[in-house]
Amino acid sequence: MTQSDRKRRSTRVSKVVSTPTATKMQVIWQNENVREFLAEFISTYVMMVFGLGAVAHMVLGGKMGSYLAVNLGFGFGVTIGVHMAGNISGAHMNAALTFTSCALGRMSWKKFPVYVLGQFLGSFVAAATIYGLFYNAIIDFSGGKLMTTGPTATANIFATYLPDHMTLWRGFLDEVVVTGMLQLCLLAIADKGNNPTLLGTQAIVTGILVVIIGISLGMNSGYAINPSRDLPPRFFTFLAGWGSQVFRTKDWWWVPVVAPPLGAYCGAIIYLFFIGSNKRQEPQVLENPLAFEDHKISVLPKTTSHQHGVASLTPVSVYPEDRPSALYNP
């Protein structure tokens, strides 16, 4: 190919790229809401594929799966999700954490539907992916009868269901407490004014936190602790053949939607009350750039208003300041 041919080809390519359609697409992809939506979608998808895949192994695979493997699947799924989307959307992957972020003033409520829609769609597509990958194993294990309860139940691969020893309201309380523990610990992980994790280790520590919660507190209700983890896969099973029983069994379906946001908010308030309001206010020394080199101004840190003994603190992300992370730093 001669040099003139290369130039003509390069000109044709540049014309194709610069078409109005391509320009519009570039504008759309660069939109902040679109980028955050896609980040929540793909991070939630990855987390759910690893997590639900581990549950499928436990339910269908016998010795090939275990409850510990489920905890590891979800935990390290969260770790990878944080690495993927942490610098774009903050990698919430959890509607309860997004709700708390908005309720605490860290993020505008206008972003709430953007984040939650991305999470829900990512979780739904992940459920469809696991269903497709494990379809033959599901049919073989269940004998072709898709059930939510009993020894051949398979709906529990995708969503949580109460065990026989739990009542509905005890399960509700369990989800509130466990999600509160998640939020409480996330605050501690990222609190720069206290004892945060080392720079760059937030993702792995967050994943380990999810593993620990599953190991220690997951037996009673399956530790949904996330509306985005439970409702979309449940809706997928409704469409895929399990039917309305996925919503009728023990009337449980609404609890993983309502209880986690309540628990996350309570966990945040508890952290701010016990830790955030008890931090020492160290004087700061600021140098006046307009003054002489040795002229420094000593000022006190900006105070926050207190009401009923609780500091009114705005959490700050462990990621860049314009990214509303699920890891708060009061």
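Not measured: the values here are computed from a predicted model. (Residues numbered from 1 in each chain as written. Predicted model: local features only at pLDDT ≥ 70, side-chain atom pairs only at ≥ 80, totals over all residues. Heavy atoms only, no water.)

### Examining the overall build of the protein chain
Stated precisely, the cut-off is as follows: Runs of H or I in DSSP of at least four residues are treated as helices and runs of E of at least two as strands, each being numbered from the N terminus. Here's how the labels work: a residue is buried when its accessible area is under 20% of the maximum for its type, exposed when over 50%, partly exposed in between, all with a 1.4 Å probe on protein chains only. For the accessible areas, the method is Shrake-Rupley and the probe is 1.4 Å, while residue cover comes only from the protein chains on display.
Helix and strand counts for the protein chain stand at twelve helices and four strands. Relative to its full complement of 330 residues, the protein chain shows a buried share of 44%. A total accessible area of about 17,300 Å² is found for the protein chain, and carbon and sulfur atoms account for 65% of it.

### Description of the environment of Ser89
Short version of the rule: Throughout this description, a polar contact denotes any pair of N or O atoms lying within 3.5 Å of each other; where both atoms belong to protein, one of them has to be capable of donating a hydrogen while the other can accept it, and for residues adjacent in sequence the pair is counted only when both atoms sit in side chains.
Looking at where Ser89 falls in the secondary structure, it is placed in the loop between helix H4 (67-85) and helix H5 (95-103). For Ser89, a relative accessible area of 0% gives the class buried. Between the C-alpha atoms of Ser89 and Phe37, which are 52 residues apart in sequence, the distance is 7.8 Å. Among the polar contacts listed, one links the side chain of Ser89 to the backbone nitrogen of Ala91, at a separation of 3.2 Å.

### As for the UniProt feature "transmembrane region" (unreviewed entry) in the protein chain
We count it as follows: UniProt positions are given in the numbering used here, feature names are shortened, and annotations may be inferred rather than shown by experiment.
According to UniProt, the feature "transmembrane region" (unreviewed entry) maps to residues 37-60, 66-85, 114-138, 168-190, 202-225 and 252-274 in the numbering used here. Within the segment residues 114-138, helix and strand shares are 96% and 0% respectively, and the terminal C-alpha atoms sit 33 Å apart. Spanning residues 252-274, this segment combines 87% helix with 0% strand, and its end C-alpha atoms are found 33 Å apart.

### What to know about the pattern of salt bridges
Our working definition: The working definition used for a salt bridge is a side-chain nitrogen of Lys or Arg within 4 Å of a carboxyl oxygen of Asp or Glu.
By the definition in use, this model includes four salt bridges. Residues Lys111 and Glu36 are paired through a salt bridge, measuring 2.9 Å at the closest nitrogen-oxygen approach. Taken together, the residues span a long stretch of sequence, with Lys111 in the loop between H5 and helix H6 (112-133) and Glu36 in helix H3 (residues 32-60) at a distance of 75 residues. For Lys111, a relative accessible area of 15% puts it in the buried group. The salt bridge partner of Asp164 is Lys250, with a shortest N-O separation of 3.9 Å. Within this pair, whereas Asp164 is found in the loop between helix H7 (135-142) and helix H8 (168-190), its partner Lys250 is found in the loop between helix H11 (245-248) and helix H12 (255-274), the two being separated by 86 residues in sequence. Salt bridges here are not isolated pairs; linked through shared partners, they connect Glu32, Glu36 and Lys111.

### Focus: the environment of Phe247
Heads up, the rule is: When checking whether two residues touch, look at their non-hydrogen atoms; a contact exists if any pair is within 4.5 Å.
Looking at the secondary structure, you find Phe247 in helix H11. Considering only alpha carbons, one finds Phe247 and Thr148, 99 residues apart in sequence, at a separation of 9.7 Å. Dropping the residues within four chain positions of it, Phe247 is found in contact with Leu231, Arg234, Phe235, Phe238 and Trp253.

### Some details on unusual backbone geometry
A positive phi is found at Ile225, a non-glycine position, where the angle reads about 45°. Turning to its location among the elements, Ile225 is positioned in the loop between helix H9 (202-217) and helix H10 (227-242). At Lys250, a position not held by glycine, the phi torsion is positive, near 55°.

### What to know about the environment of Gly86
As for its position among the elements, Gly86 is in the loop between H4 and H5. Between the C-alpha atom of Gly86 and that of Ala203, which follows or precedes it by 117 residues, the distance is 8.5 Å.

### A closer look at the layout of surface pockets
The line we're drawing: Only protein atoms enter the 1 Å grid used here, on which a cavity is any set of points holding a 1.4 Å probe that cannot leave and a pocket is any open set flanked by protein within 12 Å on both sides along at least five of seven lines; residues with an atom within 4 Å of a point are listed as lining. Grid points are joined across faces, edges and corners, and a volume is the space filled by probe spheres set on the points.
Considered as a void within the structure, the largest pocket measures approximately 850 Å³ in volume. Lining the largest pocket are 45 residues; nearest its centre among them are Thr160, Ser221, Gly222, Tyr223 and Arg229. Counting residues per element, the ones that place at least two in the lining of the largest pocket are H3, H4, H8 and H9. The leading source of residues in the lining of the largest pocket is H4, at five residues.

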